[in-house]
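Structural overview for review
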Amino acid sequence: MAITTQYVVTHKGVEKLVTTDKKEADQYDKMLDAADNLAEYIQAKGLGIDDSLIEELTIMLSKNKEKVSKIFKGATAQSVLEDETAEVVKLKANG
């Protein structure tokens, strides 16, 4: 019999990630915390965006924080998207 340690990340009472990698669980938890902070900021600005849309948007932004950061530093959306495509092609070639 084998014993496996699992890390479960829950968010607002919902199981979001189950993994055996503590580092992955910690990173995912931090990403969710960042998304919650972004959501709170957006809601405080009074933009009137639906809560489910805010959650989806902030999680996407948090998952892609490095890429979004490049845009804030002056990169074009097109160049960031092209880099993403190149990364996917590279991964497929190596996989």
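Our subject is the structure that appears above.
Residues numbered from 1 in each chain as written. Predicted model: local features only at pLDDT ≥ 70, side-chain atom pairs only at ≥ 80, totals over all residues. Heavy atoms only, no water.

**Looking at the pairing of strand β2 (residues 14–19)**
Convention followed: Pairing between two strands requires that DSSP report at least two bridges joining them. A run of H or I in DSSP counts as a helix once it spans at least four residues, and a run of E counts as a strand once it spans at least two, with each numbered from the N terminus.
For strand β1 (residues 7–11) and β2, the ladder comprises five bridges, and the chain directions are antiparallel. Bridging from a neighbouring strand, V8 pairs with V18 of β2. Between β1 and β2, which pair antiparallel one after the other, the connecting turn spans two residues, and K12 there sits at a positive phi close to 55°.

**Some thoughts on the side chain of S62**
For clarity, the cut-off: Here a polar contact is recorded for every N or O atom pair within 3.5 Å, except that within protein the pair must consist of a potential hydrogen donor and a potential acceptor, and residues adjacent in sequence are included only if both atoms are side-chain atoms.
Counting through the fold element by element, S62 comes out in helix α2 (residues 51–63). Of note is the side chain of S62, whose polar atom sits 3.2 Å from the backbone nitrogen of A35.

**Considerations on the pattern of salt bridges**
This is how it is decided: The term salt bridge refers to a pairing of a side-chain nitrogen on Lys or Arg with a carboxyl oxygen on Asp or Glu at a separation within 4 Å. In this scheme, a residue with accessible area under 20% of its type's maximum is buried, one over 50% is exposed, and one in between is partly exposed, where area comes from a 1.4 Å probe on protein chains only.
Enumeration over the complete set of coordinates arrives at two salt bridges. With a closest N to O distance of 3.1 Å, D26 and K22 form a salt bridge. Of this pair, D26 and K22 are both found in helix α1 (residues 22–44), four residues apart, which corresponds to roughly one turn of the helix. In this structure D26 comes out as partly exposed when scored by relative accessible area, which is 36%. For K67, the salt bridge identified is with E84, shortest N-O distance 3.9 Å. Of this pair, K67 sits in helix α3 (residues 65–72) while E84 sits in helix α4 (residues 77–94), and the two are 17 residues apart along the sequence. You can call K67 partly exposed: its relative accessible area is 24%.

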